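Chain by chain, the residues:
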Amino acid sequence: MDLLSQLRGQIADFSAFLHREGFVDDQFTQLQKLRDESSPGFVVEVVSLFFEDCEKLVNNMAKALEQQIVDFKQVDSHVHQLKGSSSSIGAARIHNVCIAFKTCCEDQNRDGCVRCLQQVNHECIQLKNNLQTLFKLEQQIIAAGGSIPAMQ
Amino acid sequence: MATSNGSSTGTKITALVVDDDRVINAIHCKRLNKLGIENHVAANGKEAVDLHCSGKKFDLILMDRDMPIMNGIEATRELRAMGVRSIIVGVSTRSIKQEIQEFMDSGLDDYQEKPLTSSKVISILHKINCNEFLD
């Protein structure tokens, strides 16, 4: 089997894994379909923006939850934003944690919020690593003379 | 496939994407771009209103609901009060009927739940095309 076929097989398996384990959903596939010759780096750019904003939101939420009197409305508005952007890039697991997080905010449950925040952090790190692996594989395919296949 | 990029009339459809989330702005702009639409971005309702005050006009406005400084409901009311007749589509993650109705009542032509997909955008564009023919 030549290198290109090997890489294609690897990326197909890895993409299937990401979807199966719920790291990404169909919205991520839709995002990949928006990529074209005029913007080959589109997915990488959008994902980078997402993780930058995610980090800011997580830091803001952590600060808010450390306060003597927690402003749950503020925490909720950060969660709301993260919920929106995670769903638009197809970051399914992060999105799901945000749903639970919102409930904790509504219940003014500080411990619940802290737990959710830890989960968000964990899922962000996992997704970042997984997507870096995916992007590396894509780069290897391009370097081997292939083009990035459309994801199923 | 029906094309709606206005090439037959010689004018491009213009759109204003209003959202405080730059990830969503990037994605929505790309979607619209691929359909041949010229895009502008505003980070909140006030920026959207200011653009119109400076004389800018758009065929389509995609309005997020929750934004700092001026939210989508206030901005839509203000734009309608200014006489803006563009198609304004509310885009939000809110799914409670009451909240959607409140947003619609501010003057929206349509409401779509995030995330926007290409088929949702195409159905919005058909609305614009119909309006163009009626005018």
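Residues numbered from 1 in each chain as written. Chains lettered and ligands numbered in written order. Predicted model: local features only at pLDDT ≥ 70, side-chain atom pairs only at ≥ 80, totals over all residues. Heavy atoms only, no water.

Q: Looking at this structure, I do not really get the overall build of chain B. What am I missing?
A: Helix and strand counts for chain B stand at 5 helices and 5 strands. Counting from the amino terminus, helix and strand elements in chain B follow one another as β-α-β-α-β-α-β-α-β-α. The contacts in chain B between residues at least 6 apart in sequence include a share of 61% that link residues at least 24 apart. Summed over all atoms, the accessible surface of chain B reaches about 6700 Å², with 51% contributed by carbon and sulfur. (Helix = DSSP H or I, 4+ residues; strand = E, 2+ residues; numbered from the N terminus. Contact = heavy atoms within 4.5 Å. Areas by Shrake-Rupley, 256 points an atom, 1.4 Å probe, with all protein chains shown as cover.)

Q: Help me understand the packing of aromatic side chains, please; the structure alone is not making it clear to me.
A: Geometrically, a pair of aromatic rings is defined through the distance of the ring centres and the angle of the planes. Residues and elements named next belong to chain A. Throughout the structure, instances matching the rule amount to 4 aromatic pairs over all chains. Aromatic pair Phe17 and Phe23: ring centres 5.9 Å apart, planes at 50 degrees, arrangement tilted. Relative accessible area serves as the criterion here: at 6%, Phe23 is assigned to the buried category. With a centroid separation of 5.3 Å and 65 degrees between ring planes, the pair formed by Phe50 and Phe51 is classed as edge-to-face. One exposure class covers both Phe50 and Phe51, and it is buried. (Phe/Tyr/Trp six-rings, centres within 6.5 Å; stacked < 30°, edge-to-face > 60°. Buried < 20%, exposed > 50% of the residue type's maximum accessible area, 1.4 Å probe, protein only.)

Q: Explain the environment of B:Arg31 here, please?
A: Take B:Arg31: it is sitting in helix H1 (residues 22-34). Assessed through its relative accessible area of 2%, B:Arg31 is described here as buried. On a C-alpha basis, the gap between B:Arg31 and B:Leu79 in space is 24 Å, while along the polypeptide they are 48 residues apart. Ignoring sequence-local partners within four residues, the contact set of B:Arg31 consists of A:Gln27, A:Gln30, A:Leu34, B:Leu116, B:Thr117, B:Ser118 and B:Val121.

Q: Which parts of the structure should I look at to understand the sheet that holds strand S2 (residues 38-42) of chain B?
A: As a general point, the strands of a sheet are linked pairwise by backbone hydrogen bonds and lie either parallel or antiparallel. Residues and elements named next belong to chain B. Overall, parallel pairing links the 5 strands, which are arranged S2-S1-S3-S4-S5 in an open sheet. The strands lining the two open edges of the sheet, one partner per strand, are S2 and strand S5 (110-113). Mean inter-strand twist for the sheet, computed between neighbouring axes without regard to direction, equals 20 degrees. Where helix H3 (residues 72-81) meets the sheet, its contacts fall on strand S3 (60-64) and strand S4 (87-92), and the angle it forms with S3 comes to roughly 150 degrees. (Pairing = 2+ DSSP bridges. Axes fitted to C-alpha atoms, helices over the stretch in contact; angles between N-to-C directions.)

Q: Help me understand the packing of helix H4 (residues 72-89) of chain A against helix H5 (residues 92-106) of chain A in this model?
A: Residue and element names in this part refer to chain A. For the pair H4 and H5, interaxial distance at closest approach is 9 Å and the crossing angle is 160 degrees. The angle between H4 and H5 falls in the class roughly antiparallel. Crossing handedness for the pair H4 and H5: left-handed. Residue-level inspection shows Phe72, Val75, Asp76, Val79, His80, Leu82, Lys83, Ser86 and Ser87 of H4 in contact with H5, the latter providing Ile94, His95, Cys98, Ile99, Phe101, Lys102 and Cys105. Of the residues contributing to the contact of H4 with H5, the split by class is 9 nonpolar, 4 polar and 3 charged. (Parallel < 35°, antiparallel > 145°, perpendicular 65-115°, else oblique. Left-handed = near helix turned anticlockwise from the far one by under 90°. Nonpolar A, V, L, I, M, F, W, Y, C, P; charged D, E, K, R; others polar.)

Q: How should the UniProt feature "domain: Response regulatory" (unreviewed entry) in chain B be read in this particular structure?
A: UniProt's feature table lists "domain: Response regulatory" (unreviewed entry) at residues 14-129 of chain B, given in the numbering used throughout. End C-alpha to end C-alpha, residues 14-129 of chain B measures 12 Å, and it is 46% helix and 22% strand. (UniProt positions renumbered as here; feature names shortened; annotations may be inferred.)

Q: How should I be thinking about the UniProt feature "domain: HPt" (unreviewed entry) in chain A in this particular structure?
A: Per the UniProt record, "domain: HPt" (unreviewed entry) is annotated on residues 39-134 of chain A. In the segment residues 39-134 of chain A, helix accounts for 86% and strand for 0%; the C-alpha atoms at its two ends are 18 Å apart.

Q: Even after reading the chapter, I still don't get unusual backbone geometry, so can you show me in this structure?
A: The phi torsion of most residues other than glycine is negative, and most of the peptide bonds are trans. Across the junction of B:Lys114 and B:Pro115, the peptide omega takes the value -5 degrees, indicating a cis bond. Phi angles above zero are rare outside glycine, and A:Gln108 is one such case at about 55 degrees. Topologically, A:Gln108 is positioned in the loop between H5 and helix H6 (110-143). Even without glycine at this site, B:Ile69 takes up a positive phi of about 70 degrees.

Q: What's the story with the UniProt feature "modified residue: Phosphohistidine" (unreviewed entry) in chain A in this structure? I'm lost.
A: Per the UniProt record, the feature "modified residue: Phosphohistidine" (unreviewed entry) sits at A:His80. Looking at the secondary structure, you find A:His80 in helix H4. Setting aside residues no more than four positions away along its own chain, A:His80 makes contact with A:Lys102, B:Asp66, B:Thr93 and B:Arg94.

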